[in-house]
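What follows is each chain in one-letter form.
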Amino acid sequence: MTAQYRGRFAPSPTGPLHFGSLVAAVGSYLQARSHDGAWLVRIENLDPPRESPTASDQILSTLEYFGLCWDEDVLYQSDRYSAYEAALDRLREHELLFYCTCSRKDLRDAQPKSPADSGSEPVYPGTCRWRRTAPPQPHSVRILTSAAPIVFEDALQGQCEQIVEQVSGDFVLKRRDGLYSYQLAVVVDDAAQGISEVVRGADLLGQTARQIFLQKKLDLPMPAYAHLPIVIDNAGNKLSKQTGAVDVRSGTGYTPLWHALNFLRQDPPPELYRASAAEMLEWAVPHWKIEHLAGELRRTLHSINENPSYDV
Ligand code: GLU
Ligand code: ZN
């Protein structure tokens, strides 16, 4: 059973690897290696306007620097358009797709106005559900959702349940600018790469039901899921490329890896703080206990520039 374990790390190349993505990389890597499994890397370069041309290579070289060596060839989503188109064809045959001509403004205007709803993602109002053939004007392609709840067991966050129709509504699979959506690509590629468990940040927990919904409609196997706590800064914001999180390689040495192990509640010994990446991982694989993170959705990181203080 464990010999078939296949995990992955799937960064979007929008900038250099920051501490939040290092945590996801290390968590998925250790979970795979501690199961004697394969660990794959997939570059999710689906959105050229948001990407940096150097980020993919930079991310891969940072992974190598920290000793996070992957198996098999790196999969680039930019090479996968025909697979995404085939998945769309299949959904179209099942009459699950429709063509949406709503503008951003149409969608905004259709949202409930109560302040309680501000900030939550827009729910598609169903306007174009009737449009089953592609119109001449610009359009996106959406999938028809239903009111059936999606229930799944997350290894860390426990039982999760979501009614996709209520949370996002009919979501986009192909954008009006012709780009494929993250939801479609992630589902097609997790299946194509034979991923048995997805270990990633809890910022994606709320998207998982949509992915399971799509897996069912495409008759694809469902991987197991484990969502790691996301790293937040002192101000309570998610560390991300957009909020200016720094490149984990901007400092010297391997200490960010020690801090990632500490953040993941693996209690790395202080003596390892100045060790090489290889030594840290050699310690971490047999000691890995993902269950130390059970139920934790977010956690504040104070600093990765100080010596071990045990209060992270
Ligand atoms: N590419 C996504 C990101 O960088 C992660 C996708 C995933 O792990 O499912 O946020
Ligand atoms: Zn529409």
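For the structure itself, look to the data block above.
Residues numbered from 1 in each chain as written. Chains lettered and ligands numbered in written order. Predicted model: local features only at pLDDT ≥ 70, side-chain atom pairs only at ≥ 80, totals over all residues. Heavy atoms only, no water.

Engineer: Hey, could you run me through the sheet that holds strand β3 (residues 75-76) in this one?
Structural biologist: Within a beta sheet, neighbouring strands are joined by backbone hydrogen bonds and run either parallel or antiparallel to one another. Taken in spatial order, the three strands line up as β1-β2-β3 in an open sheet, and their pairing is parallel. With one partner strand each, in any of the chains shown, β1 (6-9) and β3 form the two edges of the open sheet. Two elements, β1 and strand β2 (residues 38-43), share four bridges in a ladder whose sense is parallel. Among the inter-strand pairings, glycine 7 is bridged to a residue of β2, identified as tryptophan 39. Each of β1 and β2 is contacted by helix α1 (residues 19-34), which is oriented at about 150 degrees to β2, the strand it contacts most. (Pairing = 2+ DSSP bridges. Helix = DSSP H or I, 4+ residues; strand = E, 2+ residues; numbered from the N terminus. Contact = heavy atoms within 4.5 Å. Axes fitted to C-alpha atoms, helices over the stretch in contact; angles between N-to-C directions.)

Engineer: So what exactly am I meant to see when it comes to the packing of aromatic side chains here?
Structural biologist: Geometrically, a pair of aromatic rings is defined through the distance of the ring centres and the angle of the planes. Tallied over the entire structure, the rule returns 12 aromatic pairs. Judged by centre distance (5.2 Å) and plane angle (85 degrees), the rings of tyrosine 29 and tryptophan 39 are edge-to-face. Here tryptophan 39 lies in strand β2 and tyrosine 29 lies in helix α1, a separation of 10 residues in the sequence. Chaining the aromatic ring pairs together yields one cluster made of Phe9, Tyr29 and Trp39. Over the ring of tyrosine 65 we find arginine 249; its NZ or CZ atom is 4.3 Å from the centre of that ring. (Phe/Tyr/Trp six-rings, centres within 6.5 Å; stacked < 30°, edge-to-face > 60°. Lys NZ or Arg CZ within 6 Å of the ring centre and 35° of its normal.)

Engineer: It is not clear to me how unusual backbone geometry should be interpreted in this structure. Could you clarify?
Structural biologist: Negative phi values dominate among residues other than glycine, just as trans dominates among peptide bonds. A positive phi angle, close to 55 degrees, is found at glutamate 95, a residue other than glycine. Here glutamate 95 is to be found in the loop between α3 (81-93) and β4 (97-100). One non-glycine residue, arginine 265, lies in positive phi territory at about 55 degrees. For arginine 265, the location among the structural elements is in the loop between α8 (255-263) and α9 (277-287). Judged by its relative accessible area of 32%, arginine 265 is partly exposed. (Buried < 20%, exposed > 50% of the residue type's maximum accessible area, 1.4 Å probe, protein only.)

Engineer: I tried to follow the coordination of the zinc ion (ligand 2) on my own but got confused; where do I start?
Structural biologist: Reference geometry at the metal: tetrahedral coordination by four donors gives ideal angles of 109.5 degrees; octahedral coordination by six donors gives 90 or 180 degrees. Distances from the zinc ion (ligand 2) to its protein donors, Cys100 (SG), Cys102 (SG), Tyr124 (OH) and Cys128 (SG), fall at 2.1 to 2.3 Å. One way to put it: the four donor atoms around the zinc ion (ligand 2) meet at angles of 100 to 120 degrees, and that makes the site tetrahedral. Every donor residue of the zinc ion (ligand 2) comes from the same chain, spaced as C-x1-C-x21-Y-x3-C. Of this pair, cysteine 100 sits in strand β4 while cysteine 128 sits in the loop between α4 (104-109) and β5 (140-143), placing them 28 residues apart in sequence. (Donors = N, O, S within 2.8 Å, 3.2 Å for Na, K, Ca; no water. Tetrahedral: all angles 85-135°; square planar, octahedral: opposite > 155°, others 65-115°.)

Engineer: Could you clarify how one ought to interpret the pattern of salt bridges in this entry?
Structural biologist: When the charged atoms of two side chains with opposite charge come close together, those side chains can pair. Within the structure shown, the criterion is met by 18 salt bridges. Here glutamate 72 makes a salt bridge to arginine 6, at a shortest N to O gap of 2.9 Å. With glutamate 72 in the loop between α2 (55-65) and β3 and arginine 6 in strand β1, this pair connects stretches of sequence that are 66 residues apart. Under the relative-accessibility criterion, arginine 6 is labelled partly exposed at 21%. Note that aspartate 190 and arginine 42 form a salt bridge whose closest N and O atoms lie 2.9 Å from each other. Highlighted residues: aspartate 190 in helix α6 (residues 182-192) and arginine 42 in strand β2, separated in sequence by 148 residues. Accessibility classification places aspartate 190 together with arginine 42 in one group, the buried group. One network of salt bridges, with partners in common, ties together Arg8, Arg42, Glu44 and Asp190. (Salt bridge = Lys/Arg side-chain N within 4 Å of Asp/Glu carboxyl O.)

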